[in-house]
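# Examination of the molecular architecture
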Amino acid sequence: MRALAEEARLRLPWRCAHGRNIVAGGISIHAVDVASGRPAQGLRVEIWRIDPDSLRIADGRLGANGVLDHPVAQGAGVTAGEYEVLFHLGEFFGDSDGFLTVTPFRFRIKDVNEHFHLPLKFTRWGYSLFRGA
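In this report, the structure presented in the accompanying data block is examined. None of these values were measured; they are calculated from a predicted model.

## Structural notes on the sheet that holds strand β5 (residues 44-51)
Pairing within the open sheet is antiparallel, and its four strands lie in the order β6-β5-β7-β8. Only two strands of the sheet have a single neighbouring strand rather than two, namely β6 (55-61) and β8 (103-109). Looking at each pair of strands side by side, their axes are set apart by 20° on average, direction ignored. Here β5 runs beside strand β7 (residues 81-87); their pairing, made up of six bridges, is antiparallel. Following the sheet pairing, Arg49 is matched in β7 by Tyr83.

## Looking at the pairing of strand β9 (residues 116-122)
Within β9, six of the seven residues are buried, leaving the element largely enclosed by the surrounding structure. Pairing between strand β3 (residues 27-33) and β9: seven bridges, direction parallel. Bridging from a neighbouring strand, Asp33 pairs with Phe122 of β9. Across three bridges, the pairing between β9 and strand β10 (residues 127-129) is antiparallel. Its bridge partner being in β10, Phe122 is matched across the sheet by Tyr127.

## A few points about the nonpolar core
One broad trend across soluble globular proteins is that nonpolar side chains are buried collectively. With 27 residues, the main nonpolar core has Ile27, Ile29, Leu43, Val45, Ile47, Phe87 and Phe107 as its most contacted residues. At the level of secondary structure, the elements contributing two or more residues to this core comprise β3, β5, β6, β7, α2 (89-93), β8 and β9. In terms of residue count, β9 provides more of this core than any other element does, four residues in total. For Ile27, the residues in contact, after removing those within four places along its chain, are Ile47, Val72, Ala73, Val78, Tyr83, Phe107, Ile109, His115, Phe116 and Leu118.

## Digging into the pattern of salt bridges
Going through the model one piece at a time under the given rule, you end up with 11 salt bridges. In this structure, the salt-bridge partner of Arg44 is Glu91, at a minimum N-O distance of 3.4 Å. With a gap of 47 residues between them, Arg44 in strand β5 and Glu91 in helix α2 connect regions that are remote in the sequence. Owing to a relative accessible area of 39%, Glu91 belongs among the partly exposed residues under this scheme. A salt bridge links Asp95 to Arg124, with the nearest nitrogen and oxygen atoms 3.2 Å apart. Pair noted here: Asp95 is in the loop between α2 and β8 and Arg124 is in the loop between β9 and β10, with a separation of 29 residues, a long-range link. For Asp95, a relative accessible area of 30% gives the class partly exposed. Sharing partners across several salt bridges, the network here consists of Arg44, Glu46, Arg56, Asp59, Arg61 and Glu91.

Thresholds applied
Residues numbered from 1 in each chain as written. Predicted model: local features only at pLDDT ≥ 70, side-chain atom pairs only at ≥ 80, totals over all residues. Heavy atoms only, no water. Pairing = 2+ DSSP bridges. Helix = DSSP H or I, 4+ residues; strand = E, 2+ residues; numbered from the N terminus. Axes fitted to C-alpha atoms, helices over the stretch in contact; angles between N-to-C directions. Buried < 20%, exposed > 50% of the residue type's maximum accessible area, 1.4 Å probe, protein only. Core = buried A, V, L, I, M, F, W, Y, C linked by side-chain atoms within 4.5 Å. Contact = heavy atoms within 4.5 Å. Salt bridge = Lys/Arg side-chain N within 4 Å of Asp/Glu carboxyl O.

Spelled out as structure tokens, the structure:
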């Protein structure tokens, strides 16, 4: 009974980010164009599980708050394995001659009960991406 209660506890909201509850498990994205100082509204993001199989589990555009509103943030479709997130920065800037085109980020998930928050800070010329809290 105690193990069942502990498992259920893992899926309860554990923090609030950007006005939304984030639960244990899942992959959340938040991006900001630091040159303009604004959230990256409209930036297209794809999330792929690449190992043990290749499957796109999310494809969408960031909202006005710079956050990807997709069930993957709550853990939908997330299993143990290796993942790649593609940030379509060239498309975002609408600049076919731009420097950055698609920015990939690869990482591994071993424990699907952990939440993976990936904040992206970028300009036309560079970016910073890390696992946030």
